[in-house]
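# Geometric and topological summary
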Amino acid sequence: MQTMDEIVDKLVSHYVAPLHDYNAGLSVEALKKKYNVSKIAKLGSNENPFGTPESVRKVLNEMHNLAHYPDPGCHELKVTLGQRYDTPPSHIVTGNGSEDIINMLCHAFLEDGDSVLTVTPSFGLHILYPESHGANVIISQMTDALTFDIDDLTQKLEHIRPKLFFIASPSNPVGCTLSSVEIDQLLSHQSSDTLFVFDEAYFEFAACEDGYCDVLEKLKSSGKPFILLRTLSKAYSLAGLRIGYALCATENMATYLNKVRLPFNVNRLAQKAAIAALADAKHLEKTLIWNKQARAMLFNELTKLDLNPIPSQGNFLFFSTSMPSVNIAERLLTKGVIVKPWAEKNYTNYLRVSIGTDEENQHFITSLKAILNETG
Ligand SMILES: *Cc1c(COP(=O)(O)O)cnc(C)c1O
């Protein structure tokens, strides 16, 4: 007799069965319960440390009727985004977080055995979602100095001609960005078989740095197919509501994505909150100024501890230790600090820490120093 588990194991898609779980980290509630700690520094998911801005809380408080479905087309939000980024609303796709759009992209464009190119260390879903749709994911490993290996990428773009090419800039977890010259190099090796998926989840943090290359402008003027992904989860503080968007090269690209989109994927609260958050220039400015200052402070502290942080344009730092990072992360948890230990092959001594409030950053540094002292 077959057990129920054996039957289910036979029924499940053979793309899905071997996937490993996405590591979404611990919540504050789960951590409090597990280690009985009261003070928590949640620095594992690159969230905005200032919380929900007053402007967003105000519109949410006014939403009394949630009995109606949301606008499936997110019309008002697309008009707002379209004006801001000089893009027709018909070229914009909205998602339940930008991760939702990554999934739509894979669903809409990938077939059995198609090739996808991406970089490691990387944002896990750039690998997981393509694999779940049966694609063959080809990896370009970053250089030893943790910069994009442009020669390797251009060679792979030219020879493999992948259907999708996923790249995040600023990179998550490293924090480095592609320069204008590097983007040109990648674009010049992009064949007509490849859709360039540029994930700019940390756009706002990078755009306020000197020398930021206007990625959208560059992609638009390239005349090649692209999709630029952005989110309101990071700089705009809306991770808990789930809202991200894509700016597509053409209207028909957006049309194809919309065919596989769940009709009501972006809820009413998220649509309203996103418009309010985009209008709140003060909250964004405060976030960006603090991020830059606190990131420099943390960078210094990590450097003093010989942990080799990589210069970052995001709201996080990636650094290496002399032991498996899961051990350090686990001990940080006992002290109430949540960070992200990297699990990808070759990077298992690395940790990623988000830039928090002053109190959270101090809590992290003090706890980390204590752990490094204990272990010698
Ligand atoms: C956080 C992040 C996302 C996902 O953001 P959501 O909009 O919250 O789904 C996508 N890409 C990268 C690189 C990220 O770091």
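Report on the accompanying structure. (Residues numbered from 1 in each chain as written. Predicted model: local features only at pLDDT ≥ 70, side-chain atom pairs only at ≥ 80, totals over all residues. Heavy atoms only, no water.)

Now for the packing of helix 8 (residues 180-188) against helix 10 (residues 215-222). Remark: helix 8 packs on helix 10, axes separated minimally by 11 Å, with the N-to-C direction vectors making an angle of 30°. By the angle between their axes, helix 8 is roughly parallel relative to helix 10. Both helix 8 and helix 10 take part in a crossing whose hand is right-handed. The segment helix 8 lies against helix 10, with Ser180, Ile183, Asp184 and Leu187 engaging Val215, Lys218, Leu219 and Ser222. A class-by-class count of the residues in the contact of helix 8 with helix 10 yields four nonpolar, two polar and two charged. (Axes fitted to C-alpha atoms, helices over the stretch in contact; angles between N-to-C directions. Helix = DSSP H or I, 4+ residues; strand = E, 2+ residues; numbered from the N terminus. Parallel < 35°, antiparallel > 145°, perpendicular 65-115°, else oblique. Left-handed = near helix turned anticlockwise from the far one by under 90°. Contact = heavy atoms within 4.5 Å. Nonpolar A, V, L, I, M, F, W, Y, C, P; charged D, E, K, R; others polar.)

Now for unusual backbone geometry. Each neighbour pair has its own omega, and for Ser169 with Pro170 the value is -5°, a cis peptide bond. Locating Pro170 in the fold gives a position in the loop between strand 5 (164-168) and helix 8. The residue after Asn172, namely Pro173, is reached through a cis peptide bond having omega 20°. Locating Pro173 in the fold gives a position in the loop between strand 5 and helix 8. A positive phi angle, near 50°, is found at Asp86, a position not held by glycine.

Right, let's talk about the site of the ligand for a bit. Around the ligand, the structure places Gly97, Ser98, Glu99, Phe123, Asn172, Asp199, Ala201, Tyr202, Thr231, Ser233, Lys234 and Arg242. Here an oxygen atom of the ligand and a backbone polar atom of Glu99 are 3.0 Å apart. Contact distances for the ligand include 2.8 Å between an oxygen atom and a side-chain N or O atom of Arg242. In isolation the ligand has 390 Å² of accessible area, and contact with the protein removes 94% of it. Here the residues of the shell around the ligand sort into three nonpolar, five polar and four charged. (Near = heavy atom within 4 Å. Polar contact = N/O pair within 3.5 Å; in protein donor to acceptor, adjacent residues only side chain to side chain. Areas by Shrake-Rupley, 256 points an atom, 1.4 Å probe, with all protein chains shown as cover.)

A separate point is the packing of aromatic side chains. Counting across every chain of the model gives eleven aromatic pairs. Taken together, a centroid distance of 6.2 Å and an interplanar angle of 20° make the contact between Tyr85 and Tyr245 stacked. With a gap of 160 residues between them, Tyr85 in the loop between helix 4 (75-84) and strand 2 (92-95) and Tyr245 in strand 8 (residues 244-248) connect regions that are remote in the sequence. For Tyr245, a relative accessible area of 2% gives the class buried. Aromatic rings pair up to connect Tyr85, Phe203, Tyr212 and Tyr245 into one cluster. Over the ring of Tyr85 we find Arg230; its NZ or CZ atom is 4.7 Å from the centre of that ring. For Lys286, the ring lying beneath its charged end belongs to Phe50, and the centroid distance is 4.5 Å. (Phe/Tyr/Trp six-rings, centres within 6.5 Å; stacked < 30°, edge-to-face > 60°. Buried < 20%, exposed > 50% of the residue type's maximum accessible area, 1.4 Å probe, protein only. Lys NZ or Arg CZ within 6 Å of the ring centre and 35° of its normal.)

This paragraph deals with the pattern of salt bridges. A full pass over the atoms with the stated rule returns 17 salt bridges. Across the salt bridge formed by Glu76 and Lys272, the nearest N and O atoms sit 4.0 Å from each other. Of the two residues, Glu76 sits in helix 4 while Lys272 sits in helix 12 (residues 268-279), which places them 196 residues apart along the sequence. Judged by relative accessible area, which is 47%, Glu76 ranks as partly exposed. You can call Lys272 partly exposed: its relative accessible area is 39%. Here the salt bridges do not stand alone but share partners, grouping Glu209, Lys292 and Arg295 into one network. (Salt bridge = Lys/Arg side-chain N within 4 Å of Asp/Glu carboxyl O.)

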